[in-house]
Amino acid sequence: MMGRWRFAAWVAALLIGSVTVWAEMLAYDGPDMSLSRAAELTTATAAINATVPEALAAEGVPGAAVAVVQDGAVVWSQGYGVAAPGGEAVTASTVFQVGSISKPIATATLLGLADDGLLDVDVSVSSLLRSWRLPDDWPDPNAVTVRRLLSHTAGTSQPGYLGLDPGRTLPTTVESLNGATTGTALTQKQPPGSYAYSGGGYTLAQLVAEDATAESFAELATRYVFTPIGMDSTGYACTQNTGAGPSWAVGHDSQGEPTVHYRYAELAAAGLCSTADDLGRFAAWLASDDPRAVLMRTAAKGTNGQYGLGVELYEHDGGKTAGHQGVNRGFHAQLLINPEDDVALVVITNGDNGAAVIEAILRAWHDA
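How each quantity is defined
- Residues numbered from 1 in each chain as written.
- Predicted model: local features only at pLDDT ≥ 70, side-chain atom pairs only at ≥ 80, totals over all residues.
- Heavy atoms only, no water.
- Helix = DSSP H or I, 4+ residues; strand = E, 2+ residues; numbered from the N terminus.
- Rg over C-alpha atoms; globule rule 2.2 N^0.38 Å.
- Contact = heavy atoms within 4.5 Å.
- Areas by Shrake-Rupley, 256 points an atom, 1.4 Å probe, with all protein chains shown as cover.
- Lys, Arg positive; Asp, Glu negative; His and termini not counted.
- Charge placed at Lys NZ, Arg CZ, Asp CG, Glu CD.
- Core = buried A, V, L, I, M, F, W, Y, C linked by side-chain atoms within 4.5 Å.
- Buried < 20%, exposed > 50% of the residue type's maximum accessible area, 1.4 Å probe, protein only.
- Phe/Tyr/Trp six-rings, centres within 6.5 Å; stacked < 30°, edge-to-face > 60°.
- Lys NZ or Arg CZ within 6 Å of the ring centre and 35° of its normal.
- Pairing = 2+ DSSP bridges.
- Axes fitted to C-alpha atoms, helices over the stretch in contact; angles between N-to-C directions.
- Disulfide = S-S within 2.5 Å.
- Salt bridge = Lys/Arg side-chain N within 4 Å of Asp/Glu carboxyl O.
- Parallel < 35°, antiparallel > 145°, perpendicular 65-115°, else oblique.
- Nonpolar A, V, L, I, M, F, W, Y, C, P; charged D, E, K, R; others polar.
- Polar contact = N/O pair within 3.5 Å; in protein donor to acceptor, adjacent residues only side chain to side chain.
- Expected span 1.5 Å × (residues − 1).
- Left-handed = near helix turned anticlockwise from the far one by under 90°.

Draft legend 1. Region of interest: the overall build of the protein chain. Counting secondary structure elements, the protein chain contains 13 helices and 8 strands. Rg of the C-alpha trace for the protein chain: 19 Å, near the compact-globule value of 21 Å for 368 residues, within the 12% margin. Each of the three principal axes of the protein chain carries a C-alpha extent, and together these read 55 × 45 × 40 Å. Here the analysis covers contacts within the protein chain between residues at least 6 apart in sequence; of these, 69% occur between residues at least 24 apart. Here the protein chain has roughly 13700 Å² of accessible surface; of this, 49% comes from carbon and sulfur atoms. Computing the positive centroid from 19 side-chain charges and the negative centroid from 38, the protein chain places the two 7 Å apart.

Right, dumping it as structure tokens:
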């Protein structure tokens, strides 16, 4: 399945154009995604403090921010390195692009709409759409539901998005579905019911939310997620604006060079901008007994137990964890929760090599 750090492989394969690189990266299943409460928080955070500067230097990643959550609250957070070349130091309040961590946020938004009776997650989205229709040549368009879109089991194409150069006009959601971003319209590549990671499916879910309410997705996410949880520095401005704003981290490629300011019309799939502290607050909510959170981290039908609704699921010797990685060009992030231990960890970085930094932080936590 795609996920568990495989979207990074997809991005790398597109950028490098190498079948060998693609195959090698697919074989890599990522770091140990177990997470349990540290015996001593101060020991664990000291280990992170000792690890991050060396990892950033070794991997050519300019900056990172980390947050630790216990008992439903952010109990520690820290920034490292710089947000931009010659720029200000990273803090836990620095805004990063966080890639596919957009998907859990989008899922919580859509489930909120469902709770308010504004949409049904189990009816065909054909009955919910107003501004676009599912193509007649899809194998089984009537079986495409919001629940299946959120669990990557609707059979839709387009694993992810590389973003657009700042000089290009940002398309509408409908234009994106018609191929304005990728050059290829969204298709149904296989019959619904089995897992196939699809950022395009989340763009379709975004349009369902917009059509059901006649509101922008940004407005809906603010009302259903950001404001209730207290994510005051989170939104979509850093992937919508044409240039960097104050306290926004600049992305860097695998050589440590700044990237251009890539932009995303696909907010639900890849457009989220957030901070370590704000994502820590979301992680605390995701680990809670809120019915939406519980549903999200419950394995969805057709995913072989590896995905819920908007959330990757990991089983290991120490129990079960859940979360999501996030990869946009120039950025790499990870959100990980263990509801049984009531602990969560968030790491966000502004470099293509951020996966190695995240792995080093996880090792430090495990060894503390």
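Here the narrative resumes, following the displayed structure.
Draft legend 2. Spotlight on the nonpolar core. Residues Val-125, Leu-204, Val-225, Phe-282, Met-296 and Ile-348 are the most contacted members of the largest nonpolar core, which totals 79 residues. In this structure, Phe-282 is in contact with Pro-104, Ile-105, Ala-108, Val-225, Ile-229, Met-231, Met-296 and Leu-335, ignoring residues within four places of it in sequence.

Draft legend 3. A look at the packing of aromatic side chains. Summed over all chains, the structure comprises 5 aromatic pairs. Each ring, one from Trp-132 and one from Trp-138, has its centre 6.4 Å from the other, and the planes form 65°; the classification is edge-to-face. Exposure remark for Trp-138: the relative accessible area of 4% places this residue in the buried category. Of the aromatic side chains, those joined through ring pairs into one cluster are Phe-217, Phe-226 and Tyr-236. Taking the ring centre of Tyr-202 as reference, the NZ or CZ of Lys-103 above it sits at 5.7 Å. Looking at Arg-329, its charged tip hangs above the ring of Tyr-262, at a distance of 3.8 Å from the centre.

Draft legend 4. Just the sheet that holds strand β1 (residues 63–70), in detail. Judged by pairing direction, the sheet is antiparallel, and its 6 strands sit side by side in the order β2-β1-β8-β7-β6-β5 without closing on themselves. Looking at which strands have only one partner, the edges of the open sheet turn out to be β2 (73–81) and β5 (312–316). Between one strand and the next, the sheet's axes are offset by a mean angle of 15°, whatever the strand orientation. Where β1 and β2 come together, 8 bridges link them in antiparallel fashion.

Draft legend 5. Spatial organisation of the state of the cysteines. In the structure shown here, the tally under the stated rule is 1 disulfide. The disulfide partner of Cys-238 is Cys-273, and the S-S distance across this bridge is 2.2 Å. An S-S torsion of about -105° defines the bridge between Cys-238 and Cys-273 as left-handed. Separated by 35 residues along the polypeptide, Cys-238 in helix α9 (residues 237–240) and Cys-273 in strand β4 (residues 273–274) bring together distant segments of the chain.

Draft legend 6. Representation of the environment of Asn-241. Along the polypeptide, Asn-241 turns up in the loop between α9 and α10 (267–270). Sequence spacing of Asn-241 and Tyr-264 is 23 residues, and the spatial spacing of their C-alpha atoms is 9.5 Å. Setting aside residues no more than four positions away along its own chain, Asn-241 makes contact with Trp-248, His-261 and Arg-263.

Draft legend 7. Layout of the pattern of salt bridges. By the definition in use, this model includes 7 salt bridges. Between Asp-71 and Arg-37 there is a salt bridge, and its shortest N-O distance comes to 2.8 Å. Residue Asp-71 is located in the loop between β1 and β2, and its partner Arg-37 is located in the loop between α2 (19–27) and α3 (41–59); the two are separated by 34 residues in the primary sequence. Here Asp-71 falls in the exposed class, since its relative accessible area comes to 55%.

Draft legend 8. The arrangement of the packing of helix α4 (residues 102–115) against helix α8 (residues 217–229) in detail. Between α4 and α8, the least distance of the axes is 9 Å, while the angle of their chain directions is 85°. The orientation of α4 with respect to α8, classified from their angle, is roughly perpendicular. Across the interface between the two elements, Ile-105, Ala-106, Ala-108, Thr-109, Gly-112 and Leu-113 from α4 touch Phe-217, Leu-220, Ala-221, Tyr-224, Val-225 and Phe-226 from α8. Grouping the constituent residues of the contact of α4 with α8 by class yields 10 nonpolar, 2 polar and no charged.

Draft legend 9. How the structure looks around the environment of Gln-97. Among the structural elements, Gln-97 can be located in strand β3 (residues 96–97). Not counting the four nearest positions on each side in its chain, Gln-97 is found in contact with Cys-238, Thr-239, Tyr-262, Tyr-264, Leu-272, Asn-328 and Phe-331. Within polar-contact distance, the side chain of Gln-97 engages the backbone oxygen of Tyr-262 at 3.2 Å. In this structure the side chain of Gln-97 is engaged in a polar contact, spanning 2.9 Å, whose partner is the side chain of Asn-328.

Draft legend 10. The arrangement of helix α13 (residues 354–367) in detail. Here α13 spans 20 Å end to end across 14 residues, near enough to the 20 Å set by a 1.5 Å rise per residue. Of all the positions in α13, only Gly-354, Ala-355, Val-357, Ile-358, Ala-360, Ile-361, Leu-362, Ala-364 and Trp-365 are classed as buried. Here the buried face of α13 lies against α3, β1, β7 (331–338) and β8 (343–349).

Draft legend 11. Region of interest: the packing of α4 against helix α7 (residues 199–213). Two numbers describe how α4 lies on α7: the axes approach to 11 Å, and their chain directions differ by 35°. For α4 against α7, the interelement crossing comes out left-handed. Where α4 abuts α7, its residues Lys-103, Ala-106, Thr-107, Leu-110 and Leu-113 lie against Gly-199, Tyr-202, Ala-205, Ala-209 and Thr-213. Across the contact of α4 with α7, the residue classes tally to 6 nonpolar, 3 polar and 1 charged.

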